[in-house]
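# Survey of secondary and tertiary structure
What follows is each chain in one-letter form.
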Amino acid sequence: MSEFSRGQEPAGDEKDRRLDQVRDDSDRALTTNTGVRVDDTDNSLSAGERGPTLMEDFHFREKVTHFDHERIPERVVHARGAGAYGYFQVYESLAHYTRADFLTDPQLRTPVFVRFSTVAGSRGSSDTVRDVRGFATKFYTREGNYDLVGNNMPVFFIQDGIKFPDFVHAVKPEPHNEIPQAQSAHDTLWDFVGLQPETLHMMMWLMSDRAVPRSYRMMQGFGVHTFRLVDERGDGTFVKFHWTPLLGTHSLVWDETQKIGGKDPDFNRRDLWEAIEQGQYPEYELGVQLIPESREFDFDVDLLDPTKLIPEEDVPVTPVGKMVLDRNPDNFFAETEQIAFHTANVVPGIDFTNDPLLQARNFSYLDTQLIRLGGPNFQQLPVNRPVAEVSNNQRDGFNQHTLHRGRTSYFPNSLGSGCPYLGEAPYSHYQERVDGATIRKRSESFADHYSQATLFLNSLSGWERAHLTSAFQFELGKCATMAVRERVVEHLDAVDHTLARAVAQGIGVAPPATEQAPNHGRSSPALSQANSRTDTVYSRRIAVLADEGVDAAAVTGFREAMAAQGAAVEVLAPDEGRLGAADGQSLVVDRALHTMSSVLYDAVVVAGGASSAASLARNGLALNYVAEAFKHAKPVAALHEGVGVLEAAPLPPLRLAGDGETGVSDQGVLTHRGSDPGGFHTAFTRVLAGHRVWDRDTARVPA
Ligand code: HDD
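Counting starts from 1 at the beginning of each chain's written sequence and moves along it residue by residue. Under the rules for a predicted model, residues below a pLDDT of 70 receive no local features and side-chain atom pairs below 80 are neither given nor counted, while totals for whole chains, interfaces and linings still include all residues. Side-chain numbers come from the whole structure's heavy atoms, not from hydrogens or water.

- The name given to the protein chain in an unreviewed UniProt entry is Catalase, with Streptomonospora salina as the source organism.
- Listed under Catalytic activity (unreviewed entry) in UniProt, the entry text for the protein chain is "2 H2O2 = O2 + 2 H2O".
- UniProt positions are given in the numbering used here, feature names are shortened, and annotations may be inferred rather than shown by experiment. As recorded by UniProt, the Sequence similarities (unreviewed entry) comment attached to the protein chain reads in full: "Belongs to the catalase family. HPII subfamily."

## Examining the overall build of the protein chain
- When you go through the protein chain residue by residue, the secondary structure sums to 18 helices and 19 strands.
- Residue contacts are counted whenever heavy atoms from the two residues lie within 4.5 Å of one another. Put simply, 73% of the contacts in the protein chain that link residues at least 6 apart link residues at least 24 apart.
- In these tables, accessible area is a Shrake-Rupley quantity obtained with a 1.4 Å probe, and a residue counts as shielded only by the protein chains included in the view. On the protein chain, roughly 31,600 Å² of surface is accessible, and the fraction owed to carbon and sulfur atoms is 51%. For the purposes of this entry, the term helix denotes a DSSP run of H or I that reaches at least four residues, the term strand denotes a run of E that reaches at least two, and both are numbered from the N terminus.

## Quick word on the sheet that holds strand S16 (residues 603–606)
- Across the sheet, seven strands lie side by side as S15-S12-S11-S16-S17-S19-S18; this open sheet has mixed pairing. Either end of the sheet is taken by a strand with one partner, and the two such strands are strand S15 (591–592) and strand S18 (662–664).
- Summarising the sheet, S16 and strand S17 (residues 636–639) pair through three bridges and their orientation is parallel. Across the sheet, Val604 pairs through a bridge with Val636, a residue of S17.
- Only C-alpha atoms enter the line fits that serve as axes; for helices the fit covers just the stretch in contact. Angles between N-to-C directions range over 0 to 180 degrees. This element, helix H14 (residues 552–563), spans strand S11 (541–545), strand S12 (568–573), S16 and S17 of the sheet and lies at about 150° to S12. The pairing criterion is simple: DSSP has to find at least two bridges between the two strands.

## A closer look at the UniProt feature "domain: Catalase core" (unreviewed entry) in the protein chain
- UniProt feature "domain: Catalase core" (unreviewed entry): in the numbering of this structure it lies at residues 31–419.
- Note that residues 31–419 is 20% helix and 19% strand, and that its end C-alpha atoms are spaced 40 Å apart.

## Topic: the layout of surface pockets
- Of the grid points, spaced at 1 Å and generated over the protein atoms alone, those admitting a 1.4 Å probe that cannot get out make up cavities, while open sets with protein on both sides within 12 Å along at least five of seven lines make up pockets; any residue with an atom within 4 Å of a point is treated as lining. Grid points are joined across faces, edges and corners, and a volume is the space filled by probe spheres set on the points. The space that makes up the largest pocket amounts to roughly 2,000 Å³.
- Among the secondary structure elements, those contributing two or more residues to the lining of the largest pocket are helix H1 (14–20) and strand S4 (144–151).
- Examining the composition of the lining of the largest pocket, we find that three residues originate from one element, H1, more than from any other.
- Any residue that is not Ala, Val, Leu, Ile, Met, Phe, Trp, Tyr, Cys, Pro, Asp, Glu, Lys or Arg is counted as polar, Gly included; the first ten are nonpolar and the last four charged. Across the lining of the largest pocket, the residue classes break down as 20 nonpolar, 17 polar and ten charged.

## Some details on the environment of Arg533
- When you line up the elements, Arg533 lands in the loop between helix H13 (497–506) and S11.
- Under the scheme applied here, a residue whose accessible area is under 20% of the maximum for its type counts as buried, over 50% as exposed, and between as partly exposed, the area being computed with a 1.4 Å probe on protein chains only. Residue classification places Arg533 among the buried positions, given a relative accessible area of 18%.
- C-alpha of Arg533 to C-alpha of Thr249: the two residues are 284 residues apart in sequence and 7.0 Å apart in space.
- Reaching out from Arg533, the side chain makes a polar contact with the backbone oxygen of Leu246 at a distance of 2.7 Å. Whenever a nitrogen or oxygen atom comes within 3.5 Å of another N or O atom, the pair is scored as a polar contact, on the condition that within protein one atom can donate a hydrogen and the other can accept it, and that pairs from neighbouring residues in sequence are kept only if both atoms are in side chains.

## So, a negative patch on the surface
- Judged by side-chain charge, Asp300, Glu313, Asp314 and Asp448 come together as a negatively charged surface patch.
- Structurally, Asp448 is set in the loop between helix H9 (356–372) and helix H10 (451–459). The residues that make up patches have over 30% relative accessible area and no salt bridge, and they are joined within 9 Å when like-charged or within 5 Å when they are Val, Leu, Ile, Met, Phe, Trp or Tyr. Definition used for salt bridges: Asp or Glu carboxyl oxygen within 4 Å of a side-chain nitrogen of Lys or Arg. When charges are counted, Lys and Arg contribute as positive and Asp and Glu as negative, whereas His and the chain ends are disregarded. Working definition for charges: the position is that of NZ of Lys, CZ of Arg, CG of Asp or CD of Glu.

## A few points about the packing of aromatic side chains
- What counts as a ring pair is set by centres within 6.5 Å for rings of Phe, Tyr and Trp (its six-membered ring), and what kind of pair is set by the plane angle: stacked under 30 degrees, edge-to-face over 60, tilted for all other angles. Counted according to the given criterion, the structure contains 26 aromatic pairs.
- The interplanar angle of 15° and the centroid separation of 4.3 Å between the aromatic rings of Trp463 and Trp694 together place this pair among those described as stacked. Placement of the pair is Trp463 in helix H11 (residues 462–477) and Trp694 in the segment after helix H18 (677–689), with a sequence separation of 231 residues.
- Accessibility expressed as a relative area gives 21% for Trp694, which makes it partly exposed.
- Two conditions define a charge located above a ring, namely a distance within 6 Å from the ring centre to NZ of Lys or CZ of Arg, and an angle within 35 degrees of the ring normal. A cation sits over an aromatic face here: Arg109 above Tyr87, 4.0 Å from the ring centre.

## Concerning the domain arrangement of the protein chain
- Domain limits in this description derive from either an automatic procedure or a database domain assignment. Split into domains, the protein chain comes out as domain 1 (46–380), domain 2 (454–531) and domain 3 (541–689).
- Each of domain 1 and domain 3 has a C-alpha centre, and these two points are 38 Å apart.
- In this complex, domain 1 contributes eleven residues to the contact, which on the side of domain 3 involves nine residues.
- Each of two parts loses accessible area, computed with a 1.4 Å probe, when they are put together; buried area is these two losses added. Across the domain 1/domain 3 interface, buried area totals approximately 880 Å², and carbon plus sulfur atoms make up 50% of it.
- Between domain 1 and domain 3 we count four salt bridges in total.
- Taking the shortest distance from any N to any O, the salt bridge between Arg541 and Glu274 comes out at 3.3 Å.

## Let's talk about the nonpolar core
- Here, the term nonpolar core denotes a set of buried Ala, Val, Leu, Ile, Met, Phe, Trp, Tyr and Cys residues that are joined through side-chain atoms within 4.5 Å. In terms of nonpolar packing, the biggest core is built from 51 residues, with Phe157, Trp190, Met204, Leu468, Phe472 and Leu492 touching the most fellow members.
- If you list the elements that add at least two residues to this core, you get helix H3 (164–171), helix H4 (187–195), helix H5 (200–206), H10, H11, helix H12 (482–495) and H13.
- When near neighbours in sequence (up to four residues on either side) are disregarded, Met204 contacts Ala453, Phe456, Leu457, Leu468, Phe472, Leu492, Val495 and Leu499.
- Counting 39 residues, the second-largest nonpolar core is a separate cluster that includes Phe88, Phe241, Leu286 and Leu358.

## With respect to the site of the ligand
- The nearness test applies per residue and asks whether one of its heavy atoms lies within 4 Å of the molecule or strand. Close to the ligand lie 23 residues, the nearest being Arg75, Arg115, Arg361, Tyr365 and Gln369.
- His78 has a polar side-chain atom sitting 3.4 Å from a nitrogen atom of the ligand.
- One of the side-chain nitrogen or oxygen atoms of Arg115 is found 2.7 Å away from an oxygen atom of the ligand.
- Of all the secondary structure elements, the ones that give two or more residues to the shell around the ligand are strand S3 (133–141), S4 and H9.
- Per-element tally for the shell around the ligand: the top contributor is H9, with seven residues.

And the structure:
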């Protein structure tokens, strides 16, 4: 795994240069859309001061008409998202497998735009809901745009795209009352799940911590389908694409996500934006699972079935390149909203397979852009324009921006010198032999819906399994129809008897008495987030609680030690301004306690200083920061007198380090009452890099 590209300048690539031609800073006098200067935009033209508005007020009419037409249809799924530009660079040439230019030249930085999204919620919904996250990448390659439109989970809910409208109707808010927004916890989704067991594997992922990522910067991405790489000779290799974040794959906890939904609905969007603004660029390694065509039938699942994965233990993931997101868009609507992804946007060297879900997608994405972006010329929108030259005989349509010159718009022609002509190195479709009678039938090789759901469950650590079990209980517990709950429990029993019983117990369903089928016992450690990277605190956010009389020197030392590793400390106090410090100095308050919340930080630390600590120990808000951070398994620490605040908070009994000592308690709570701040900084860094302290007695802490 490569290191972070710290502190470098954004790439300023070919895509950026082209966008520069359409950027507008609006630093001139106000005009109408026709360029006529305007001297009053506050009062409409009327017949007398108190008279009616006049039709001839073209400025008024234009302004209001434009406003009336400002909205376009939101995406039918993945409506809420956030995006950024960056670049991708391959480590070594993959010419052995593909002729794609951007995958064969290690010197080349290919510009990209990535849009992350939730699936079910509308554009204005909250970021931290339980949902799949979209991870869509547009590579502006020299040979045309390539779109890798993936998710943060490696499998999908259904096997055939003809079921997509059914699935989406089931998961979206219910049609009679448009409730609930951006939630999977309702009857129609689980009704569908109970009747369509091919959803089960993905439902396990959806009930896991993967569905509540800490950050877009800390989640994996997957192309899901098996695609095909094609080399110069036209030979194919099956491929599955993986994005792995350099920061590790980390999640929030359920209670936390619900609270963030109210405190900061833009939590993930803001996190992405701020990280890029601060130069802490999100980075992901691209990995591939390569499967020779000769091995197509060597697996116990069908490579064409998108509800299945190929365990990394069977086919390793080879890291092949890195993507860095280093530039925020200038305008959300123009870029993040108008970007149009399409699975059929491929370049020479990349091709499809017969995965029936992928085949359907290859129809759906172009179709949806036509209604969403109002016609066939959406590829001319600045964010969608390839850096490769575009030249064809497609003409006219709404919002045509190009001035095609000459008299010919047909092929072949002689009057236009035969242009555009058929050039060299074109896209050539992989020559797959297809031989079969027309039929509406699912292949038998797609029939097993349970084994990989069990594989996923078996691969989880204890805490992940506990989270998954309570997620099932929460979601099914929100379903009003008992038969819906029962049907799902029956299917879960085919996944794992213990899981089915545990879920049933929590939701008032009779636990299944006898085991339907024994658990096969196989697992794939790579599927567990417990095995993700936990050796960096880069870009983490730490709240330090303080009040008048704070030990400012210790806070400054702590801040500097964390900053040296790329983590940010913010001082929170009852009021903004400056705090008088114990040593006569002062400390700037970054945020008032009441404008923030522990759920917006990765860790909470109580500063030292006798009067500061005494005051915070009487402050319900401060005590809540401590208790909530503990409840959410976050690193919690206190310096010197600050330990008193931990003692006043509603925490279970802790064996804290004694007077004059520095250490980590049995439940991962750090106290520093010694004389070696360096030792404390090291211990704190280790705990923070671990993301959360799962081995904690949180049950009795109020939520
Ligand atoms: Fe899809 C959007 C990912 C199956 C039809 N999809 C969309 C986006 C992502 C995915 C990330 C948002 C792109 C953006 O940011 O603009 N979709 C997936 C994955 C799938 C999948 C990983 C399965 C492996 N999708 C899928 C199917 C269909 C669609 C089977 C239809 C048959 N998806 C669409 C769409 C959307 C879309 C309706 C809505 C907005 C858009 O395309 O541009 O066409």
